[in-house]
Amino acid sequence: MAVVSKLLSISSHSPHFRKPRSSFTFNPVTSASPFTEKHSIERYRRESTWLSTNQLNRPVSFPPDSDPSSIREQDIALQLPELKRLLEVLRDKRESGGERGRGPGNVFLVGTGPGDPELLTVKAVRVIGSADLLLYDRLVSNEVLDLVGTEARLLYVGKTAGYHSRTQEEIHELLLSFAEAGATVVRLKGGDPLVFGRGGEEMDFLQQQGIQVQVIPGITAASGIAAELGIPLTHRGVANSVRFLTGHSRKGGTDPLFVAENAADPDSTLVVYMGLSTLPSLAVKLINHGLPPDIPAAAVERGTTPQQRMVLAELKDLADEIALAELVSPTLIIIGKVVSLSPFWPHSSKEAPALVQAR
């Protein structure tokens, strides 16, 4: 992890702002993603500890060289009957223990931060370890899942572009069904559950059904990744506000959902979530609305993890530099003069691009 001992001295019209003059790419040795991607064989092997029998109670195994697509087909075939059986077990347990009249179980919406498991709150670790059932997203790291109790059930409900393992309505019903059966249910979300995580929708649905929900906040990617790079999201004389934007497109297109004209404020910091594919369009809109083309910007892939890679460049060049570096999702984008306060910001246009690991 990069250690920032002091801010670099800089000069321009602002006493704190050093005008950017080059791009800089940081690219450690590529390794497997720390996150639970939709075709993660490790994920299926972990879940096979309870998704291990079919309706006829015959064992099912996943060979070491299994194709991820075929594993997912087995997973789908097994999950529905096994989920029903788990619900029956939980209900029978309540009735046999004389708990028929007891209220529903607890539901926790837990933020797991941007990837580094050491950024979890103490409360999150405690709740994760005591859960009966955990529903988790793609951006929950495998290291976080290692904290789950050995008797707990794991269910993957992640979403990625063009692929949803469960619809949002199905996730709602799963949370409700298991809570009504008396289980302690934990919904794990990358970052913070109430920042572009649809946690508010899940909380609202459950509360309307009479289920009490507790939210355990997580360090959102903007805060965790900015700290990792030594970028203050606000800084006196440089940025007096910060805005979080979604880079999601309309129906999978290349146009971001919404860019307010007043978002192009050079005295504010913009943080764009899920904006990798729409950045070219977003950058043009921001510049057309008045944001300086040479304002500093950063794109960080898999931030705070050992696989972190990042590109720093002027906004007008950022999309091209990202393409050259072949960054992939999840990538967070930070735009603003505060980016030049990072110790990773390049010193001179004469410097050759360097490849270093930021952790």
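Residues numbered from 1 in each chain as written. Predicted model: local features only at pLDDT ≥ 70, side-chain atom pairs only at ≥ 80, totals over all residues. Heavy atoms only, no water.

(A) Seen up close, the environment of Ile333. Tracing the sequence through the fold places Ile333 in strand E13 (residues 331-335). Sequence-distant contacts of Ile333, that is, excluding residues within four places in its chain, are made with Leu270, Val271, Val272, Gly275, Leu276, Leu279, Ala298, Ala299 and Leu318. (Helix = DSSP H or I, 4+ residues; strand = E, 2+ residues; numbered from the N terminus. Contact = heavy atoms within 4.5 Å.)

(B) Layout of the sheet that holds strand E4 (residues 153-156). In spatial order, the strands read E4-E3-E7-E2-E8; together these five strands make up an open sheet with parallel pairing. Whereas interior strands pair on both sides, the edge strands pair on one side only; in this sheet they are E4 and strand E8 (213-216). The sheet shows a mean angle of 20° between the axes of neighbouring strands, direction not considered. Of the pairings in the sheet, the one linking strand E3 (residues 133-136) to E4 comprises four bridges and is parallel in character. Each residue of the ladder has a partner; that of Leu133, found in E4, is Arg153. (Pairing = 2+ DSSP bridges. Axes fitted to C-alpha atoms, helices over the stretch in contact; angles between N-to-C directions.)

(C) Seen up close, the packing of aromatic side chains. Scanning the entire structure with this criterion turns up three aromatic pairs. Among the aromatic residues, those joined into a ring-pair cluster are Phe196, Phe244 and Tyr273. (Phe/Tyr/Trp six-rings, centres within 6.5 Å; stacked < 30°, edge-to-face > 60°.)

(D) Representation of the side chain of Arg302. Position of Arg302 relative to the elements: it lies in the loop between strand E11 (296-301) and strand E12 (309-314). When its relative accessible area of 9% is taken as the criterion, Arg302 is described as buried. Here Glu301 takes part through its side chain, which lies 2.7 Å from a polar atom of the side chain of Arg302. (Buried < 20%, exposed > 50% of the residue type's maximum accessible area, 1.4 Å probe, protein only. Polar contact = N/O pair within 3.5 Å; in protein donor to acceptor, adjacent residues only side chain to side chain.)

(E) Region of interest: unusual backbone geometry. Of note, the bond from Ser329 into Pro330 is cis; its omega dihedral lies within 30 degrees of zero at 0°. The backbone phi angle of Phe196 is positive, close to 55°, even though this residue is not glycine. Within the secondary structure, Phe196 sits in the loop between strand E7 (185-189) and helix H6 (199-208). The residue Thr304 is not glycine, and still its phi comes out positive at about 75°. Looking at the secondary structure, you find Thr304 in the loop between E11 and E12. With a relative accessible area of 1%, Thr304 lands in the buried category.

(F) Molecular detail of the pattern of salt bridges. All chains considered together, the criterion is met by nine salt bridges. Notably, a salt bridge pairs Lys189 with Glu202, separated by 3.2 Å at the nearest N-O pair. Pair noted here: Lys189 is in strand E7 and Glu202 is in helix H6, with a separation of 13 residues, a long-range link. Residue class for Lys189 comes out buried when judged on its relative accessible area of 1%. The class of Glu202 is buried, set by a relative accessible area of 0%. (Salt bridge = Lys/Arg side-chain N within 4 Å of Asp/Glu carboxyl O.)

(G) The arrangement of the confidence of the model for the protein in detail. Residues with a pLDDT of 70 or more make up 67% of the protein, whose mean pLDDT is 78. Note that pLDDT drops below 50 for residues 1-16; the model gives that stretch 36 contacts with residues more than four away or on any other chain. Segment residues 348-359: pLDDT under 50, and 29 contacts once partners within four positions in sequence are set aside and those in other chains are kept. (pLDDT = per-residue confidence, 0-100.)

(H) Structural detail: the packing of helix H8 (residues 279-288) against helix H9 (residues 315-325). Between H8 and H9, the least distance of the axes is 9 Å, while the angle of their chain directions is 175°. In terms of axis orientation, H8 runs roughly antiparallel to H9. Mapping the contact onto sequence places Leu279, Pro280, Ala283, Leu286 and Ile287 in H8 and Leu315, Lys316, Leu318, Ala319 and Ile322 in H9. In terms of residue class, the contact of H8 with H9 is made up of nine nonpolar, no polar and one charged. (Parallel < 35°, antiparallel > 145°, perpendicular 65-115°, else oblique. Nonpolar A, V, L, I, M, F, W, Y, C, P; charged D, E, K, R; others polar.)

(I) Just H9, in detail. Those residues of H9 that fall on the buried side of the exposure criterion are Leu315, Leu318, Glu321, Ile322 and Ala325. End-on view of H9: buried residues confined to an arc of 105°, all on one side of the axis. Opposite its buried face, H9 presents the exposed residues Asp320, Ala323 and Leu324, each directed more than 90 degrees away. (Arc of directions from axis to C-beta.)

(J) Region of interest: the side chain of Thr331. If you trace the backbone, Thr331 turns up in strand E13. There is a polar contact of 2.6 Å between the side chain of Thr331 and the backbone oxygen of Val328. When near neighbours in sequence (up to four residues on either side) are disregarded, Thr331 contacts Val272, Met274, Leu276, Ala299, Val300 and Glu301.

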